[in-house]
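Chains, contacts and geometry: an overview
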Amino acid sequence: MDKGSNEVAPPGVNINVPHSARIYDYWLGGKDNFAVDRAVGEAMMKAIPGMRYMAGENRKFVHRVARDLVAKEGISQFLDIGTGIPTRPNLHEIAQGINPEAAVVYVDNDPIVLVHARALMISTPEGKSEYISADIRDPKSILEDRALRDTLDLTKPVGLTLIAILMLLADADDPWSKVAELRDALPSGSLLAITHPTADFNPEEVNAAVAAATGAGMTLVARTHDAVQRFFGDWELLDPGLVPVSSWRPDDEVADPEAAYYWAGVARKP
């Protein structure tokens, strides 16, 4: 009997297939994961001993982006695709802490995230927080969702966040066209924030981690600086540009920015 056979999952959750949101939850010390997720997560940590640190740096980037987009760029509404399992503080909590009227729509396709969606909907009385069960592979289904239309005003600038999600789309899926469709739907002044794993800093470790994930049936793609930059199209990158995730407007100086193998950047629609 395998150690996961006694695990109970919400409806629609397959505990025999690893899922990125639950693996990420495991790295962050959460409890919404299963034996299959922990096995892949451990295999990837064996390949990249600093994986938990990297996951933490990714979360810190989300917090800094939410803060800066509201406080410095005047963004009051966000579309967060690939939300994952809620980890406080969530994006809307950071945004509404600065602007109580901020509105956030979260999107994910894992049924276990839907179970936690209530935690993503605890908004300030003045603001809004909503959750959509959808897939980035079908941008139209997200953009035309009634909950999104009722929560966000797409005639006004939106902060679109794609945090550690595009790695789950193979090149054959043409993720660049999916992101372009999302960019095209947003008005001038909107901002796009992306983090994406890369093998640019440590090919040996990253390639081993990718092999561990793909060997378990997952799609996981590490991309180069140029491939990640393509996702921004003709939008204008904010300072400091597309940089290691720890180097994007850090609160404290980081000794080795390339210790977290992610590119990160934010760009504005002209």
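Heads up: the structure comes first, above all this text.
A brief structural summary.

Rules and cut-offs
Residues numbered from 1 in each chain as written. Predicted model: local features only at pLDDT ≥ 70, side-chain atom pairs only at ≥ 80, totals over all residues. Heavy atoms only, no water. Phe/Tyr/Trp six-rings, centres within 6.5 Å; stacked < 30°, edge-to-face > 60°. Helix = DSSP H or I, 4+ residues; strand = E, 2+ residues; numbered from the N terminus. Buried < 20%, exposed > 50% of the residue type's maximum accessible area, 1.4 Å probe, protein only. Lys NZ or Arg CZ within 6 Å of the ring centre and 35° of its normal. Salt bridge = Lys/Arg side-chain N within 4 Å of Asp/Glu carboxyl O. Core = buried A, V, L, I, M, F, W, Y, C linked by side-chain atoms within 4.5 Å. Contact = heavy atoms within 4.5 Å.

1. Side note on the packing of aromatic side chains
If you walk through the whole model with that rule in mind, you get 3 aromatic pairs. A ring pair is formed by Phe201 and Trp263, whose centres lie 4.8 Å apart and whose planes are at 65°; its orientation type is edge-to-face. Taken as a pair, Phe201 in the loop between strand 5 (191-197) and helix 9 (203-215) and Trp263 in strand 8 (residues 262-268) lie far apart in primary sequence, 62 residues in all. For Phe201, a relative accessible area of 17% corresponds to the buried category. We classify Trp263 as buried; its relative accessible area is 9%. In this structure, Arg52 packs its charged tip against the face of Tyr26, placed 4.9 Å from the ring centre. In this structure, Arg230 is placed above the aromatic ring of Trp176, and the distance from its NZ or CZ to the ring centre is 4.0 Å.

2. With respect to the pattern of salt bridges
Taken as a whole and judged by the stated rule, the model has 13 salt bridges. Between Lys72 and Asp68 there is a salt bridge; the shortest N-O distance is 3.7 Å. For Lys72, a relative accessible area of 59% gives the class exposed. The buried category is assigned to Asp68, whose relative accessible area is 2%. Its salt-bridge partner being Asp68, residue Arg249 comes within 2.9 Å of it at the nearest N-O pair. Here Arg249 is found in the loop between strand 7 (243-244) and strand 8, whereas its partner Asp68 is found in helix 3 (residues 51-71), with 181 residues between them in sequence.

3. Re the nonpolar core
Of all hydrophobic cores here, the largest spans 93 residues; its most connected members are Trp27, Phe61, Leu79, Ile81, Leu162 and Val266. Broken down by element, the residue count for this core peaks at 9 residues, all from helix 3. The residues contacting Ile81, other than those within four sequence positions of it, are Val107, Ile136, Ile142, Leu160, Thr161, Leu162, Ile163, Ile165 and Leu182.

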